[in-house]
Amino acid sequence: MHEKELKQLKEKLREDGVRMTTQRIAILDYLAEAHHPTAEDVYTAIVAKDPNISMATVYNNLNLFIKEGVVKELTYGDSASRYDFDLGQ
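As a starting point, this report considers the structure included with it.

Cut-off values and rules
Residues numbered from 1 in each chain as written. Predicted model: local features only at pLDDT ≥ 70, side-chain atom pairs only at ≥ 80, totals over all residues. Heavy atoms only, no water. Helix = DSSP H or I, 4+ residues; strand = E, 2+ residues; numbered from the N terminus. Expected span 1.5 Å × (residues − 1). Buried < 20%, exposed > 50% of the residue type's maximum accessible area, 1.4 Å probe, protein only. Arc of directions from axis to C-beta. Contact = heavy atoms within 4.5 Å. Core = buried A, V, L, I, M, F, W, Y, C linked by side-chain atoms within 4.5 Å. Polar contact = N/O pair within 3.5 Å; in protein donor to acceptor, adjacent residues only side chain to side chain.

## Regarding helix H1 (residues 3-15)
Next, step 1: Here H1 contains 13 residues, and its C-alpha end-to-end distance of 18 Å stays within 8% of the 18 Å for a straight helix at 1.5 Å per residue.
Next, step 2: Looking at H1, one finds that the buried residues are Leu6, Leu9, Lys10 and Leu13. Along H1, the residues classed as buried sweep out an arc of 95 degrees about the axis, all on the same side. More than 90 degrees from the buried face of H1, the exposed residues found are Lys4, Lys7 and Glu15.
Next, step 3: Residues of H1 that are buried in the fold lie against helix H2 (22-33), helix H4 (55-67) and strand S2 (82-85).
Next, step 4: Looking one or two places after H1, you find glycine 17, whose phi comes out positive at around 90 degrees.

## Examining the nonpolar core
Next, step 1: With 21 residues, the main nonpolar core has Leu13, Leu28, Leu31, Phe65 and Phe85 as its most contacted residues.
Next, step 2: Phenylalanine 85 has contacts with Met1, Leu6, Leu9, Leu28, Leu31, Ala32, Val70, Val71 and Lys72, leaving out every residue within four places of it along the chain.

## Considering the environment of lysine 49
Next, step 1: Tracing the backbone through its elements, the reader meets lysine 49 in the loop between helix H3 (39-47) and H4.
Next, step 2: For the pair formed by lysine 49 and aspartate 16, sequence separation is 33 residues and the distance between their alpha carbons is 27 Å.

## With respect to the side chain of arginine 24
Next, step 1: Looking at the element boundaries, arginine 24 is found in helix H2.
Next, step 2: A polar atom in the side chain of arginine 24 sits 2.6 Å from the backbone oxygen of arginine 19.
Next, step 3: For arginine 24, the residues in contact, after removing those within four places along its chain, are Val18, Arg19, Asn61, Leu64 and Phe65.

Laid out in C-alpha cells, this is it:
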C-alpha cells in the first residue's frame, strides 16, 4: 500500500470515530509493508518496538479493522488466519 493510501485510510478511521492509538498506527503501518501476515507476525514485529503491546491487543485491533472494513481476514484451511488490507473498500 502506498503511503498516500495509508494516510487516507487512517483519516477515514478517524472520521469514523476510531481513536488512532500508537499501537493501532503501528499495526496499520506493519500491514502496509507485510504480505499477508498472521497475527503472530504482526505481534512479533511490533513487540520489538513496543514491548507493552500484547497479543490480545493485536487480535482486538485486527478485529476492529475488519469490522471497520479496512482489513480482511484470509483463511486457508487449518493454517493460521492471515490479514491484509481490504482494497475493495
